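Fold and contact review
Listed below are the residues making up each chain.
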Amino acid sequence: MLASPGRIFLLDASSENLGERKTAKEGRNPRVIRIRERGRMWAVVGQATHDSARAALPAGAVRDSKPRTTPPSYLQPSKHRAAGLLLYSSSSSTSPPDPRYAAATLLLSLVLVVWRYISTRFLLLVTGTLLNSGRMSKGPVPFVNIGKRTKDLLYKDYNFDQKFSLSTSGSSGLNLTATGVKINEDFIGDIRTQHKSGRTTVDVIIDSDSKVSTTVTVDEALTGLKTSFSFKVPDHKSGKLDLQYTHNRFALNSTIGLTSAPLVELAATVGTSKLSLGAEVGFDSTSASVTKYNSGIGYNTSDFSASLLLADKGETLKASYIHLFNPTNGATVAAEVTHKLKTKENYFTIGSSHALDSSTLLKTRFSNTGKVGFLCQHEWRPKSLVTLSAEYDPKVVRSPSRFGVAISVKP
């Protein structure tokens, strides 16, 4: 018997109080009686046993192991009284369970079981990798280097301007590099000097805008600690302190601005030289806001590397993969897939690298937007390179093609 709005239930009654009324059919418990009166279906629960009462009553009715002496909260008192019996009417309707709800519950249970299985297997894999790797001299890569091999193949050395650089080095540890770049009709350049003395390295760069950038790096100030201090002149707010600490099982990188309200960035990775799991966060103390937070995982071996990054404050998901097919000629293929979680947009870029001979490297790349890139790099003398780059973009109407050349000379 299904419940419906306005249904009335009789509580604490017995079949003897209803002598002239219709009792239950044969085979039913006489303590549970159904009566039709005043156009409504009535149910009487008296001294019937608990099991029979539960079987006869509809969903939402009385289901206590003992007869109730007070009405349940979902029943409201009625004004009718008959043979000393107190009547109660249901204030809300109860419908049968929705089969779609049951199916959704079952599906959710299956998803949770599968997720638990996958997460357990992943934790076992990570634990096994950490335990079997033993004590290693090289720990996990810094967070900024997760997926670096793929990015280098797809984007490094591609240049669509005219660039020239000349480098010299001396036995005293002093290196000098002059670089000039022509971008359209503008020409910019800089001169960089680097001096190494023991564990300390000093870099000074003077650019064409008369700005001086200085960086002092102390390697192994403590075991595993690398410290870097940099500033620019005349920008007095550009000073910052970089700390990098590496261990067999984790790597920490932090950048702190040397101002009264600094910008602080912190990155950390844990794992081994093969498996790295990390995150980074940036905080601006001026506005008391988080400027960035990213996370990622990377797996790196000698012949392939894979990574998964959640970037742009959780709005972008990036997956990358690179595989070395032939160590002899360096034949390598790489791919990067980007998914925008808010806009549901997808982008991908694939590329390849192949050594034509011991001194010539050929790279190609292609993206889903139609861009096609080509690079040829030739080492015409030891440590001296000439690089030709070209790209075609069908979405650019005026000038869909771009070309660039870069020459690096090191006597």
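First things first, this report covers the structure right here in the doc. Model, not experiment: these values are computed from the prediction.

A word on the overall build of the protein chain. When helices and strands are counted, the protein chain shows 3 helices and 24 strands. Counting across all 411 residues of the protein chain, residues that qualify as buried make up 29%. The long-range fraction of contacts in the protein chain, counting pairs at least 24 apart against all pairs at least 6 apart in sequence, stands at 32%. Counting every atom, the protein chain has about 26200 Å² of accessible surface; 59% of that belongs to carbon and sulfur.

This next bit is on unusual backbone geometry. A cis geometry characterises the amide bond from Val233 onward to Pro234, with omega recorded as 15°. One can find Pro234 in the loop between strand S11 (225-233) and strand S12 (240-246). In this model, Ala288 sits at a positive phi of 55°, which is unusual for a non-glycine residue. Tracing the backbone through its elements, the reader meets Ala288 in the loop between strand S15 (275-284) and strand S16 (289-300).

Moving on: helix H3 (residues 148-155). An α-helical turn contains 3.6 residues, so any two residues separated by three or four positions project in the same direction. For H3, the set of buried residues is Thr150, Leu153 and Leu154. The arc that holds every buried residue of H3, seen down its axis, measures 95°, which confines them to one face.

Let's shift gears to the pattern of salt bridges. By the definition in use, this model includes 8 salt bridges. In this structure, the salt-bridge partner of Lys342 is Glu315, at a minimum N-O distance of 3.3 Å. Placement of the pair is Lys342 in the loop between strand S19 (331-340) and strand S20 (346-357) and Glu315 in the loop between strand S17 (304-311) and strand S18 (316-326), with a sequence separation of 27 residues. Between Glu391 and Arg402 there is a salt bridge; the shortest N-O distance is 2.6 Å. Of this pair, Glu391 sits in strand S23 (residues 384-392) while Arg402 sits in strand S24 (residues 401-409), and the two are 11 residues apart along the sequence. Exposure remark for Arg402: the relative accessible area of 39% places this residue in the partly exposed category. Several salt bridges converge on common partners, so that one network encompasses Glu265, Glu280 and Lys292.

Bridge count for strand S21 (residues 360-367) against strand S22 (residues 372-381) is 7 bridges, and the pairing is antiparallel. Counterpart to Phe366 in the pairing with S22 is Val372. Here S21 folds back onto S22 in antiparallel fashion, the turn holding 4 residues, of which Gly370 has a positive phi close to 100°. With 9 bridges connecting them, S22 and S23 associate as antiparallel partners. What sits directly across from Cys376, in S23, is Leu388. The antiparallel pairing of S22 with S23 creates a hairpin that spans 2 residues between the two strands, and Lys383 there sits at a positive phi of about 65°.

Turning our eyes to something else, we now look at the side chain of Asp203. As for its position among the elements, Asp203 is in strand S9 (residues 200-207). For Asp203, a relative accessible area of 11% translates into the label buried. At a separation of 2.9 Å, a polar atom in the side chain of Asp203 contacts the side chain of Gln194. If near-sequence neighbours (up to four positions away) are discounted, Asp203 is found in contact with Arg192, Thr193, Gln194, Ser213, Thr214 and Thr215.

It is worth spelling out the pairing of S15 at this point. For strand S14 (residues 263-271) and S15, the ladder comprises 9 bridges, and the chain directions are antiparallel. Following the sheet pairing, Gly271 is matched in S15 by Ser276. As paired strands, S15 and S16 are joined by 10 bridges and run antiparallel to one another. By the bridge assignment, Glu280 is partnered in S16 with Asn294. Connecting the antiparallel pair S15 and S16 is a turn made up of 4 residues, with Ala288 showing a positive phi of about 55°.

Further remarks concern the environment of Ser213. Inspection of the secondary structure assignment puts Ser213 in strand S10 (residues 212-219). Assessed through its relative accessible area of 19%, Ser213 is described here as buried. Distance in space between the C-alpha atoms of Ser213 and Val233 is 6.5 Å, their sequence separation being 20 residues. Not counting the four nearest positions on each side in its chain, Ser213 is found in contact with Asp203, Val204, Ile205, Phe231 and Lys232.

This brings us to a nonpolar patch on the surface. A cluster of nonpolar side chains, Ile256, Val264, Leu266, Val281, Phe283, Val290 and Tyr293, forms an exposed patch at the surface whose accessible area comes to about 540 Å². Of all the elements in the fold, those that place two or more residues in the nonpolar patch are S14, S15 and S16.

Definitions and limits used
- Residues numbered from 1 in each chain as written.
- Predicted model: local features only at pLDDT ≥ 70, side-chain atom pairs only at ≥ 80, totals over all residues.
- Heavy atoms only, no water.
- Helix = DSSP H or I, 4+ residues; strand = E, 2+ residues; numbered from the N terminus.
- Buried < 20%, exposed > 50% of the residue type's maximum accessible area, 1.4 Å probe, protein only.
- Contact = heavy atoms within 4.5 Å.
- Areas by Shrake-Rupley, 256 points an atom, 1.4 Å probe, with all protein chains shown as cover.
- Arc of directions from axis to C-beta.
- Salt bridge = Lys/Arg side-chain N within 4 Å of Asp/Glu carboxyl O.
- Pairing = 2+ DSSP bridges.
- Polar contact = N/O pair within 3.5 Å; in protein donor to acceptor, adjacent residues only side chain to side chain.
- Patch = residues over 30% accessible without salt bridge, like charges linked within 9 Å, V, L, I, M, F, W, Y side chains within 5 Å.

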